[in-house]
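Secondary and tertiary structure notes
Listed below, chain by chain, are the residues.
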Amino acid sequence: MAESHSPRLAVVVPCYNEQEVLPASVPTLLEVIEKAVSDGLASTDSFVLLCNDGSSDRTWAIIEDMHRADGRVKGMSLARNRGHQRVLLAGLESALRHGAEALVSIDADMQDDPWKILEMLRRYAEGCEIVYGVRSDRSSDSWFKRVTAEGFYRMQRSMGLDTIPNHADYRLMSARATGMLLQYEEANIFLRGIMPLIGLKTAVVEYPRTARMAGETHYPLSKMLSLSIDGITSFTARPMRMIFIVGLILLLADIAVAIYVLGAYFSHEVISGWSSIMLSVWFLGSLILMALGIIGEYVGKIFIESKHRPRYFISDELYD
């Protein structure tokens, strides 16, 4: 929870093949921290934590160089690539272990306005323990990116997933909120779906989305679709219910077809054997789909609760 003193701020930045953007984005984040300290919103020992997700370029070497040049730049590296959600969670856990009291997660490309961290800290000082960064304007994105992003959020809502529209992973969390987040043990992580479940006092900070500082996006349509599927299958069994409903609809259709087939049979307008084949295909098909839907309800719940694989392994940390 927000303290009366200035909190130790940690800006957690997931990095995957970001050698082009880090030299531009890290100085900006350090300027934000300096401003937060001068305004009394953060303590002087605040830091930026760059979290390497098994990058194949010079990202980790750049992080090491930046840490040696400025002690406010910390580093953490996973043993192998584990994906954006896991490396972000690992970074939050690492920062919390090293004394962070207010933790902000932001992507390295700086498309999310880093200066809004100051406003997030003001909301934190007012007692908010989770502050969501919400994109108010996506005009800097391409038409295709905007359409697919909106489709991403619409699909989540249609499946019953409770997320904040136009919010990605730019947010501030108190140490208490972060500790609660880390208690969720599922390996298939979807942070945007977990955050609303925590239930602490929240606020929203809006900002226009800007163009990427450098390099190319690491979130194409395929990864966005994969993330959405992960979120849906982790938080709702509605797709299984939809299969069950389809099975019921096909069963009703089967009844109608049965009436037609039987009518054709008794009027001698049908080839021998055709009736039994048609009835069996429709009837068994609908029963199979219904059975899959019922079983899927339970399998979906077991799937959510039973996975206890290690989510990541941290190979290196740079704090000294």
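Just above, that's the structure.
This write-up is about the structure you can find in this document. All values reported here derive from a predicted model rather than from experimental measurement.

As a further point, take the overall build of the protein. What the protein contains, in helices and strands, is 10 helices and eight strands. Out of the 320 residues in the protein, the part that is buried amounts to 46%. Nonlocal contacts in the protein, meaning residues at least 24 apart in sequence, comprise 83% of its contacts between residues at least 6 apart. When the accessible surface of the protein is totalled, it reaches about 15,400 Å², and 60% of it is carbon and sulfur.

Note on pairing: side chains with opposite charge can pair once their charged atoms come close. Applying the stated criterion to the full structure yields 15 salt bridges. Between D39 and R122 there is a salt bridge; the shortest N-O distance is 4.0 Å. Placement of D39 in the loop between α1 (22–38) and β2 (47–52) and of R122 in helix α4 (residues 116–125) is noted, with a sequence separation of 83 residues between them. Note on R122: relative accessible area 37%, which makes it partly exposed. In this structure, D169 engages R171 in a salt bridge whose closest nitrogen and oxygen atoms are separated by 2.8 Å. For the pair shown, D169 and R171 are each scored as buried. Each of K116, E119, R123 and E126 takes part in a single network of salt bridges with overlapping partners.

By the secondary structure assignment, S55 is in the loop between β2 and α2 (59–69). Within polar-contact distance, the side chain of S55 engages the backbone nitrogen of N17 at 2.8 Å. Discounting chain neighbours no more than four positions away, the residues touching S55 are C15, Y16 and N17.

With that settled, consider the packing of α1 against α4. Direction vectors running N to C along α1 and α4 enclose 40 degrees, while the axes themselves pass 9 Å from each other. The interaxial crossing formed by α1 with α4 has right-handed handedness. The segment α1 lies against α4, with L29, V32, K35 and A36 engaging I117, L118 and L121. Its residues assigned to classes, the contact of α1 with α4 shows six nonpolar, no polar and one charged.

Once that is clear, we can look at the pairing of strand β7 (residues 202–208). The alternating pattern of β7 places A203, V205 and Y207 on a buried face and T202, V204, E206 and P208 on a face that is not buried. As judged from the seven bridges shared by strand β5 (residues 130–137) and β7, these two strands associate in the parallel manner. The residue of β7 that forms the bridge with I130 is T202.

Ranked by internal contacts, the top residues of the largest apolar core, which has 39 residues, are L9, V11, V13, L22, L50 and I117. A per-element tally of this core places α1 first, with seven residues. Beyond its immediate stretch of four places on either side in the chain, I117 contacts L9, V11, L29, V32, V104 and Y170. Within the second largest apolar cluster, 29 residues are counted, among which are L88, L89, I130 and A177.

Glancing now at unusual backbone geometry. For N17, which is not glycine, the phi torsion reads 55 degrees and is therefore positive. Of note, M110 is a non-glycine position whose phi angle comes to about 60 degrees, a positive value. Here M110 lies in the loop between β4 (102–105) and α4.

A few words on the sheet that holds strand β1 (residues 9–15). With mixed pairing, the eight strands of this open sheet are ordered in space as β7-β5-β6-β4-β1-β2-β3-β8. Single-partner strands in this sheet number two, and they are β7 and β8 (314–318). If you compare each strand with its neighbour and ignore which way they point, the axes differ by 20 degrees on average. Along the sheet face, α1 touches β1, β2 and β3 (73–78) and points at about 150 degrees away from the line of β2. Across the sheet, helix α3 (residues 84–97) lies against β1, β2, β3, β4, β6 (171–174) and β8, angled at about 155 degrees from β1, the strand it touches most.

Of note, H167 is situated in the loop between α5 (143–158) and β6. A polar contact of 2.9 Å, which involves the side chain of H167, links it to the backbone oxygen of G133. A polar contact of 3.5 Å, which involves the side chain of H167, links it to the backbone oxygen of Y170.

Conventions used here
Residues numbered from 1 in each chain as written. Predicted model: local features only at pLDDT ≥ 70, side-chain atom pairs only at ≥ 80, totals over all residues. Heavy atoms only, no water. Helix = DSSP H or I, 4+ residues; strand = E, 2+ residues; numbered from the N terminus. Buried < 20%, exposed > 50% of the residue type's maximum accessible area, 1.4 Å probe, protein only. Contact = heavy atoms within 4.5 Å. Areas by Shrake-Rupley, 256 points an atom, 1.4 Å probe, with all protein chains shown as cover. Salt bridge = Lys/Arg side-chain N within 4 Å of Asp/Glu carboxyl O. Polar contact = N/O pair within 3.5 Å; in protein donor to acceptor, adjacent residues only side chain to side chain. Axes fitted to C-alpha atoms, helices over the stretch in contact; angles between N-to-C directions. Left-handed = near helix turned anticlockwise from the far one by under 90°. Nonpolar A, V, L, I, M, F, W, Y, C, P; charged D, E, K, R; others polar. Pairing = 2+ DSSP bridges. Core = buried A, V, L, I, M, F, W, Y, C linked by side-chain atoms within 4.5 Å.

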